[in-house]
Amino acid sequence: MAIQDLQQIFDAKIAADVRIEPKDWMPEKYRQTLIRQISQHAHSEIVGMLPEGNWISRAPSLKRKQILVAKVQDEAGHGLYLYSAVETLGISRDEMIEQLHSGKAKYSSIFFCTPNGITLLPAQL
């Protein structure tokens, strides 16, 4: 089938609000945009748990430690689900991590660690 025909089928699905599945044909730029957006979300979940993990040993009580461990596990789980989802689009987890480490991929976080705890970035206040 010609690319124009595939594009017309894809456009018709979008217009009809039909779900596009990972194995469906889609324009390469569309696939790359999905990969970028979902991997950024996955990276953000993982990076977002890192400052909280650092505070587990400093928590003042066992209950507070349990709360932090649950939060860290929750964020890690979100990241793993998102990495699994984006892998269905044809990129490996190793590639995504390499892109993050090289600076090609980005992540978002509104938190940063200070000696007094985790706080919002000033621009977000």
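Quick note: structure is the one above.
Figured I'd write up the structure that's included with this text. (Residues numbered from 1 in each chain as written. Predicted model: local features only at pLDDT ≥ 70, side-chain atom pairs only at ≥ 80, totals over all residues. Heavy atoms only, no water.)

## Re unusual backbone geometry
Backbone geometry places Asp17, a non-glycine residue, at a positive phi of 60 degrees. Topologically, Asp17 is positioned in the loop between helix H1 (3-15) and helix H2 (28-54). (Helix = DSSP H or I, 4+ residues; strand = E, 2+ residues; numbered from the N terminus.)

## Observations regarding the pattern of salt bridges
Applying the stated criterion across every chain yields a total of four salt bridges. Here Lys13 makes a salt bridge to Asp24, at a shortest N to O gap of 3.5 Å. Of this pair, Lys13 sits in helix H1 while Asp24 sits in the loop between H1 and H2, placing them eleven residues apart in sequence. In this structure Lys13 comes out as partly exposed when scored by relative accessible area, which is 27%. Here Glu21 ties to Arg19 by a salt bridge, and the two come within 4.0 Å at their closest N and O atoms. Classification of Arg19 by relative accessible area gives exposed; the value is 65%. (Salt bridge = Lys/Arg side-chain N within 4 Å of Asp/Glu carboxyl O. Buried < 20%, exposed > 50% of the residue type's maximum accessible area, 1.4 Å probe, protein only.)

## A word on H2
Taking 1.5 Å as the rise per residue, H2 with 27 residues should run 39 Å; its terminal C-alpha atoms sit 39 Å apart, in good agreement. Within the span of H2, buried status applies to Arg31, Ile35, Ser39, Ala42, His43, Ser44, Glu45, Val47, Gly48, Met49, Pro51 and Glu52. (Expected span 1.5 Å × (residues − 1).)

## Notes on the packing of H2 against helix H3 (residues 62-87)
Relative orientation of the contacting elements H2 and H3 amounts to 160 degrees, with a least axis distance of 8 Å. One element, H2, and the other, H3, form an angle in the roughly antiparallel class. For the crossing formed where H2 meets H3, the hand is left-handed. Counted together, Ile35, Ile38, Ser39, His41, Ala42, His43, Glu45, Ile46, Met49, Glu52 and Gly53 of H2 and Leu68, Lys71, Val72, Glu75, Ala76, His78, Gly79, Leu82, Tyr83 and Val86 of H3 form the full contact between these two elements. When the residues that make up the contact of H2 with H3 are grouped by side-chain class, the tally is eleven nonpolar, six polar and four charged. (Axes fitted to C-alpha atoms, helices over the stretch in contact; angles between N-to-C directions. Parallel < 35°, antiparallel > 145°, perpendicular 65-115°, else oblique. Left-handed = near helix turned anticlockwise from the far one by under 90°. Contact = heavy atoms within 4.5 Å. Nonpolar A, V, L, I, M, F, W, Y, C, P; charged D, E, K, R; others polar.)

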